[in-house]
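Each chain, letter by letter, is given below.
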Amino acid sequence: MILKNCGEKPVLLFCVLFFFFVGSGWSQSLQDIQNVKVDELSDAQIEQFIRRAESSGMNEAQLEAMARERGMPASEVNKLRQRIQSLRSGAGNRTSSTGRDRQGLREVTGNDYDPNVFDSLRRSDPYFDLSPHQKKIFGFTLFHNKQLDFSPNLNLPTPPQYVLGTGDQLLVDIYGASQMSYDWTVSPEGSVFVPNVGPIEVGGASVEAARSRIKNALQKIYSGLAGANPNTFMQLRVGNIRSIQVTLAGELRKPGSYTLPSFASVFNALFMAGGPNENGSFRNIQIYRGSKLIDEVDIYDFLISGNQEGNIILQDQDLVIVPSFQNRVEIEGPVRRPGLFEIKGNESIQDLIKFAGGFKSEAYKPMITVRRATESQMKVDNVYDRDYESFAVKDGDQYIVGEILKRYENRVQISGAVYRPGEFALREGMSLTELIERAEGLRGDAFRNRATLYRTQEDFTLEILSVDIGAVLDGTAPDLTLKREDILNVPSIYDLKEEFYVKISGEVNRTGVFQYGENMTVGDLIIKAKGFKESATNSVIEIASRVKDDQTGKIAAVNTISVNENLTLREEEKNFKLSPFDHVFVRKSPGFEMEKVAEVEGEVVYPGKFALEKRDERISDVLKRAGGLNQFAYPKGATLIRRTEYYAKDGEENQKLENLESLLRNLDRDSTVENAEAERQLLERLERRVTLIKEEKLKKRESSQEMESFAEDRYTFLEGADSSVMEIAFREQELIGIELEKILEQPGSKYDLILQEGDVISVPKVLQTVRMRGEVLYPTTARYEEVRGFRNYISRAGGFTEEARKGRSYVIYANGDVKRTNKFLFFTFFPKIEPGAEIIVPKKPERTPLSVQAWIGMASSLATLAILVDRLAD
């Protein structure tokens, strides 16, 4: 009913939110609503929240405002809305507000649950409100587990022995030859009124007895119900059940009278009352009916074996009494469930161990220590396993279960250079040789001259024995008899010396450190290094060896040998064996050079890139190969663009990597055609080679980190400098002014510069303009006229500004050259203007005027100086 009604109203969500804000006992939840996790709420709890909210009477606006005020996260609000919609779609059809809904579930009136679950839901420990002593009492947490719902199940089939009473709803269906339905509620007098028949007494009768009485009464109306072959039939069901009043007294957390459904059991009632308190008994709960003791409930039966025979259905005016416990003992140590347990008079230590879940694997089972209070003091007793069944348990006993010793009675160990190191069982008279045999013998790298046997003596001091393993195994030395906890360590020969390696640098495909092997030659190492680079020379290979015991100051012994280019073994190499830690250097061939490229762009006959033929190739040589200038060229504006030291060069490795990757891409065929066998083999080789080069690049990058750190430091040092200066300082390319007309007239002269890798010769078209920039009134670009001079072009830009520094004006020519304004006595000589030139007028530096205080200080200093001079003159 509640979910259904909420779904029909616009306050579907906020009727649930009211749970957080209304009612006594909820103040703590109000403070921490932002910590509530909707995912941790059960469906039953949400239904209870809605039931609580429905009775509030608050409207939608008030509920929404209060939700915002209390800070409930929007994500949790959305989750709550989804949960309610899910409940409505899955369970809404099962809920009915009246008994007339024939498919609905039962309800009970007059019962108000107070779940009060939020404190547990918002904390990780569901028992945070219990003291450590309460948590130790076995069974105490049962009635404080917020995830355990003891609400009675109202949707079970009505038991035939259920006794009807005032308030129960009876649903009667007549079917067959006649069709009729009746909905009756048992009156306070215990009867139901049947039209045309009269009252029928059902109060105090079981469901089965009531069915018989009603059927007999209805035969007066429906004659088909009677006889041996009836054609009319009757079905009796119990709809909404009544509430009963039950009193709970004694050692309870919340004793009192409670209104419960008539299906409620003893556990339901105990849960409502908060369960027994610290002094309450869990094993002797008494149920009185009509002032007579009708049953006793032992909660341990439910907790230990799941037996609920004593969990009987309560009736109206029943009395449940929880007396104080009689015997409570404590067990601690390695048991499954240590804590405080209530023991009956006929139970023993064996029963206590059963309640505690039994011993753990590390428990010492033959004996338990007991601490017991006498009339005047405490005493200790030892109970052995033969007496567990007969030892009398006394209230207040403390039973302590010990642990087995952390020691081994028959263990020996072996470690090091054996095939199967580990722990082994010690047999009587077991020898060192037998232990090695169990470890499947020594490895080939075992150091047979000395092993170490660690022995623990009786006083727990350590004794170390040195053993000649080789002699013992050969029978030339006596064998040793092992003792408990002996440990034999057989070292490896590699544990006793430095790891051997050799190193190779220079013109090989993979530089670095490689494993050393006996009789290793230079050629073997070069093969490990993936062979020579194309740039390598095989005739001059240096080997640097370490020097030992040399008093002359020699650092290394250097030898030079040659190796066949195809790495075939030759006599010189065969006779020279590498030693551990040798460093091999493969030099670069003196005649090897990577191609260098310069570029010519602009107004030449064949612009493009040109490979440099020789080291001293000049501008005129490349221009000649480019076909010379065409008719549109402007030689005076020609510029040479050259890389600076800050240019990120593509080294030899980068170029090789780029070429190989390009080759890989060009080998790919159409997916419908499979590559030939030779192409597949080439693909595999290329992929391996690309991977190798990338590894080498990574290695070099790591080694260059220090240089990068130095560059960063230098950059940090320049941070305070002018940004324009820094921009120039770290520019990757720069312009070099050349005089192309003189270069072409005088090839090989001082004007004809030698080209370098990456140089760009730029030859522009004929230029016809002049630019004016800087401190002029109207920066602009004007048409070049040969008769006009510097001042004339400044005039065309509106003239100088007041901030212009005229004497520092300069001109940048099209070829990159720069000329500044010069002064001689009272004469100013401005640079000559040519096509494509740019006039730059800088700004005067800013000067801060002297303050009044500074003028006063200067005046005071001058006055003092004048007085001093006057005194000296006198």
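No experiment lies behind these values; they were computed from the predicted model shown. (Residues numbered from 1 in each chain as written. Predicted model: local features only at pLDDT ≥ 70, side-chain atom pairs only at ≥ 80, totals over all residues. Heavy atoms only, no water.)

A. Structural detail: the overall build of the protein. Check the secondary structure of the protein and you find 24 helices and 37 strands. Looking at the 874 residues of the protein, the share that counts as buried comes to 37%. Sequence-distant contacts, at least 24 apart, represent 63% of the contacts inside the protein between residues at least 6 apart. Counting only carbon and sulfur atoms, one obtains 48% of the accessible surface of the protein, whose full area is about 51,100 Å². (Helix = DSSP H or I, 4+ residues; strand = E, 2+ residues; numbered from the N terminus. Buried < 20%, exposed > 50% of the residue type's maximum accessible area, 1.4 Å probe, protein only. Contact = heavy atoms within 4.5 Å. Areas by Shrake-Rupley, 256 points an atom, 1.4 Å probe, with all protein chains shown as cover.)

B. Molecular detail of the pairing of strand β18 (residues 451-456). Sheet analysis places β18 next to strand β19 (residues 462-467), joined by 6 bridges and oriented antiparallel. If you follow L453 over to β19, its bridge partner there is L465. Between β18 and the antiparallel strand that follows it, β19, lie 5 residues; F460 among them carries a positive phi value of about 65 degrees. Where β18 lies against strand β20 (residues 487-490), 3 bridges are found, and the strand directions are antiparallel. (Pairing = 2+ DSSP bridges.)

C. View of a nonpolar patch on the surface. A surface patch of nonpolar side chains, amounting to about 690 Å² of accessible area, comprises F824, L825, F826, F827 and F829. Mapped onto the elements, F824 comes out in strand β35 (residues 822-824). A residue is classified by how much of its surface remains accessible, and F824, at 53% relative accessible area, is exposed. (Patch = residues over 30% accessible without salt bridge, like charges linked within 9 Å, V, L, I, M, F, W, Y side chains within 5 Å. Salt bridge = Lys/Arg side-chain N within 4 Å of Asp/Glu carboxyl O.)

D. How the structure looks around the packing of aromatic side chains. A full pass over the atoms with the stated rule returns 11 aromatic pairs. In textbook terms, an aromatic cluster arises when at least three aromatic residues are bridged by ring pairs, as seen for F138, Y300, F341 and F355. If you follow R328 out to its NZ or CZ, it ends over the ring of F325, 4.0 Å from the centre. Over the aromatic face of F581 sits the side chain of R546, whose NZ or CZ is 3.9 Å from the ring centroid. (Phe/Tyr/Trp six-rings, centres within 6.5 Å; stacked < 30°, edge-to-face > 60°. Lys NZ or Arg CZ within 6 Å of the ring centre and 35° of its normal.)

E. Here's a closer look at the sheet that holds β19. The strand order across the open sheet built from 5 strands is β17-β16-β20-β18-β19, with neighbouring strands paired in mixed fashion. At either margin of the open sheet sits one strand with a lone partner, and together these are β17 (422-425) and β19. With strand direction ignored, the average angle separating the axes of adjacent strands in the sheet is 20 degrees. (Axes fitted to C-alpha atoms, helices over the stretch in contact; angles between N-to-C directions.)

F. Layout of the pattern of salt bridges. Applying the stated criterion to the full structure yields 22 salt bridges. A salt bridge links R625 to E613; the shortest N-O distance between them is 3.8 Å. Highlighted residues: R625 in helix α17 (residues 619-625) and E613 in the loop between β27 (608-611) and α17, separated in sequence by 12 residues. Among the residues examined, R625 registers a relative accessible area of 33% and is labelled partly exposed. For E613, a relative accessible area of 64% gives the class exposed.

G. Here's a closer look at the sheet that holds strand β11 (residues 328-332). Spatial ordering of the open sheet is given by β12-β11-β15-β13-β14, a layout of 5 strands whose pairing is mixed. Among the strands making up the open sheet, the edge pair consists of β12 (339-342) and β14 (378-384). When the angles between neighbouring strand axes are averaged without regard to direction, this sheet yields 25 degrees. Bridge analysis of β11 against strand β15 (residues 398-403) gives 3 bridges, and the strand direction is parallel. Bridge pairing in β15 links E330 to Q398.

H. Representation of the pairing of strand β22 (residues 512-515). The sheet contact formed by strand β21 (residues 501-506) and β22 spans 4 bridges and is antiparallel. Its bridge partner being in β22, Y501 is matched across the sheet by Q515. Connecting β21 to the antiparallel partner β22 that follows it, the hairpin turn spans 5 residues.

I. Fine view of the environment of R642. Mapped onto the secondary structure, R642 falls in strand β28 (residues 639-643). Exposure remark for R642: the relative accessible area of 13% places this residue in the buried category. C-alpha separation for the pair R642 and Q733, spaced 91 residues apart in sequence, amounts to 5.6 Å. For R642, the residues in contact, after removing those within four places along its chain, are E732, Q733, E734, I736, I754, L755, Q756 and D759. Polar side-chain contacts of R642 include one of 2.7 Å to the side chain of D759. (Polar contact = N/O pair within 3.5 Å; in protein donor to acceptor, adjacent residues only side chain to side chain.)

J. Inspection of a positive patch on the surface at higher detail. A surface patch of like charges, here positive, comprises R791, R805, K806, R808, R820, K823, K844 and R847. With respect to the secondary-structure elements, K806 resides in the loop between α23 (790-796) and β33 (810-812). (Lys, Arg positive; Asp, Glu negative; His and termini not counted. Charge placed at Lys NZ, Arg CZ, Asp CG, Glu CD.)

K. Representation of the nonpolar core within the structure. Counting 50 residues, the largest nonpolar core has L248, L270, I349 and Y399 as its most contacted members. Broken down by element, the residue count for this core peaks at 5 residues, all from helix α10 (residues 266-272). Core analysis: the next-biggest nonpolar cluster, separate from the first, contains 24 residues, I200, A217, L236 and V238 among them. (Core = buried A, V, L, I, M, F, W, Y, C linked by side-chain atoms within 4.5 Å.)

L. Region of the structure containing the environment of K220. Looking at the secondary structure, you find K220 in the loop between α9 (207-218) and β5 (232-238). Here K220 falls in the exposed class, since its relative accessible area comes to 68%. Sequence spacing of K220 and N196 is 24 residues, and the spatial spacing of their C-alpha atoms is 8.8 Å.

M. Region of interest: unusual backbone geometry. A positive phi angle is found at E440, which is not glycine, with a value near 65 degrees. Checked against the element boundaries, E440 lands in the loop between α13 (432-438) and β18. Judged by relative accessible area, which is 47%, E440 ranks as partly exposed. Phi angles above zero are rare outside glycine, and F460 is one such case at about 65 degrees.

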